[in-house]
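Now for the letters of each chain:
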Amino acid sequence: MGVKKNKKQKREDYRAAMKQDDVLTMPRKKFYRQRAHANPFSDHQLVYPPRPDQMDWSTLYPAYVAPPEESQQLEAAPSTTEEAPSQEVSAPVKVRRLTQDVEVADIGCGFGGLLIALAPVMPQTLVLGLEIRVSVTQFVEDRIKVLRRQNEETKAYQNVSVLRANTMKFLPNFFKQGQLSKMFICFPDPHFKARKHKQRIVSTTLNSEYAYAVKPGGIVYTITDVPDLHGWMVQHFEAHPMFERVGLEEQEADPCVEIMRNATEEGKKVERNKGEKFVALFRRLEDPVF
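Residues numbered from 1 in each chain as written. Predicted model: local features only at pLDDT ≥ 70, side-chain atom pairs only at ≥ 80, totals over all residues. Heavy atoms only, no water.

*Asks:* Help me understand the nonpolar core in this model?
*Replies:* Generally speaking, nonpolar side chains in soluble globular proteins are found buried as a group. By size, the foremost hydrophobic cluster in this structure holds 42 residues, and its most contacted members are Trp57, Tyr61, Leu128, Phe174, Phe175 and Tyr210. The set of elements that each furnish at least two residues to this core consists of strand S3 (102-107), strand S4 (126-131), helix H4 (167-174), strand S6 (180-186), helix H5 (204-213), strand S7 (214-224), helix H6 (227-239) and strand S9 (278-284). Per-element accounting of this core gives the leading share, five residues, to H6. With near-sequence residues (within four places) excluded, Tyr61 lies in contact with Leu98, Val102, Leu126, Val127, Leu128, Arg148, Gln158, Asn159, Val160 and Ser161. Listed in part, the 33 residues of the second largest apolar core include Phe187, Cys256, Ile259 and Leu281. (Core = buried A, V, L, I, M, F, W, Y, C linked by side-chain atoms within 4.5 Å. Buried < 20%, exposed > 50% of the residue type's maximum accessible area, 1.4 Å probe, protein only. Helix = DSSP H or I, 4+ residues; strand = E, 2+ residues; numbered from the N terminus. Contact = heavy atoms within 4.5 Å.)

Here's what the structure looks like:
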């Protein structure tokens, strides 16, 4: 008689099985469950590039890898982690380039609903989800891998990927100035208590980082079901000199707004509970001329 497996072992076995190259069934969320939110100020043992030109995107978007002669040999640089930010490496960094840059980022992408919905809508654009939770990131990775296998002939879903990252700390490490045309902030943690407001994903400091990564004319999309948080995000973006709020008519004409309202798991939950969704878009203004 075999030993009965506990829940942790079942999860580990299931995830290991999902790593097989011939899996064509979509992953099941119950094997990837994790706390709804993570403390962005905790150490998460994350690895990140010292600067954007040292980010190797090739494993995330293999269909977009540039020819080998376009790879770049960089000088030796620190191996950067949250635990050992100054650990030295001696070998040069070989970066395999893509034929194009990532242009769309979903901050705190959750289980990837928005990513999957955007993939066929903007098939020529590279879309990246950033998620801090380990298990949730792995779910999205497995989900995308299965979708790619299911659509090998059409090459669908090659333009979307996910990366485990803490954007509150390391967004400028991944994106160069003006790289993004769209950024989504969907149903972020509201952090209701006043002492926790510093953990909100929208703030004066973070908005400056968003202004750095988003190109002039680019759009930051926000949505929440919490009125107080909606007011907070509107207040902080409108107060920032590099953003202006998009008018209601233009907002509702943007096809990404409808996708954002209905594609995310949180958005579907709000819909089931007959809740209200609050949307606001903000345009990145042109850089001032001195």
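There is more to say, and it comes next.
*Asks:* Looking at this model, I keep getting lost on the environment of Leu206. Mind explaining?
*Replies:* Mapping Leu206 onto the fold places it in helix H5. On the accessibility criterion, Leu206 (5% relative accessible area) is buried. Each C-alpha atom of the pair Leu206 and Leu171 lies 9.3 Å from the other, and the pair is 35 residues apart in sequence. In contact with Leu206, not counting residues within four places along its chain, are Met168, Arg200 and Ile201.

*Asks:* Can you walk me through the packing of helix H2 (residues 113-121) against helix H8 (residues 255-263) in this structure?
*Replies:* Describing two packed helices takes the angle between their axes plus the distance from one axis to the other. Where H2 contacts H8, the axes come no closer than 9 Å and their chain directions differ by 145°. Crossing of H2 against H8: the hand is right-handed. On the side of H2, the interface is formed by Gly113, Leu114, Ala117, Leu118 and Val121, while H8 contributes Cys256, Ile259, Met260 and Ala263. Split into classes, the residues belonging to the contact of H2 with H8 amount to eight nonpolar, one polar and no charged. (Axes fitted to C-alpha atoms, helices over the stretch in contact; angles between N-to-C directions. Left-handed = near helix turned anticlockwise from the far one by under 90°. Nonpolar A, V, L, I, M, F, W, Y, C, P; charged D, E, K, R; others polar.)

*Asks:* Please clarify how the UniProt feature "binding site: S-adenosyl-L-methionine" (unreviewed entry) in the protein chain should be interpreted in this entry.
*Replies:* Residues annotated by UniProt as "binding site: S-adenosyl-L-methionine" (unreviewed entry) correspond here to Gly108, Glu131, Ile132, Asn166, Thr167, Cys186, Thr264, Glu265 and Glu266. Its location among the elements puts Ile132 in the loop between S4 and helix H3 (134-150). Looking at Ile132, the relative accessible area reads 14%, which means it is buried. Relative accessible area serves as the criterion here: at 19%, Glu265 is assigned to the buried category. Within the structure, Glu265 has its side chain in polar contact with the side chain of Arg143 (distance 3.4 Å). (UniProt positions renumbered as here; feature names shortened; annotations may be inferred. Polar contact = N/O pair within 3.5 Å; in protein donor to acceptor, adjacent residues only side chain to side chain.)

*Asks:* In this structure, what is going on with unusual backbone geometry? I would like to understand it.
*Replies:* One can expect most non-glycine residues to show negative phi and most peptide bonds to be in trans. Positioned with a positive phi, Tyr157 is a non-glycine residue whose angle comes to about 70°. With respect to the helices and strands, Tyr157 occurs in the loop between H3 and strand S5 (160-164). In the Ramachandran plot, His191 falls in the positive-phi region, its phi being about 45° despite a non-glycine side chain. On the accessibility criterion, His191 (10% relative accessible area) is buried.

*Asks:* Would you take a moment to explain the environment of Val127 for this structure?
*Replies:* By the secondary structure assignment, Val127 is in strand S4. Those residues within four positions of Val127 in sequence are excluded, and the remaining contacts are Tyr61, Val104, Leu115, Leu118, Met122, Asn159, Val160 and Ser161.

*Asks:* Looking at this structure, how should I read the state of the cysteines?
*Replies:* All told, the structure shown has zero disulfides when counted by the stated rule. Here Cys186 stays free of any disulfide, with the sulfur of Cys109 as its closest cysteine sulfur at 9.9 Å. A relative accessible area of 10% means that Cys186 is categorised as buried. (Disulfide = S-S within 2.5 Å.)

*Asks:* Explain the pairing of S7 here, please?
*Replies:* Two faces, one strand: in a regular strand the side chains alternate between the faces of the sheet. Among the 11 residues that make up S7, eight are buried, leaving the element largely enclosed by the rest of the structure. With six bridges joining them, S6 and S7 adopt parallel strand pairing. Across the sheet, Leu180 pairs through a bridge with Val214, a residue of S7. Once the chain exits S6 it traverses H5 before rejoining the sheet at S7, and the crossover so formed is right-handed. (Pairing = 2+ DSSP bridges. Right-handed = clockwise from strand over helix to strand, strands pointing away.)

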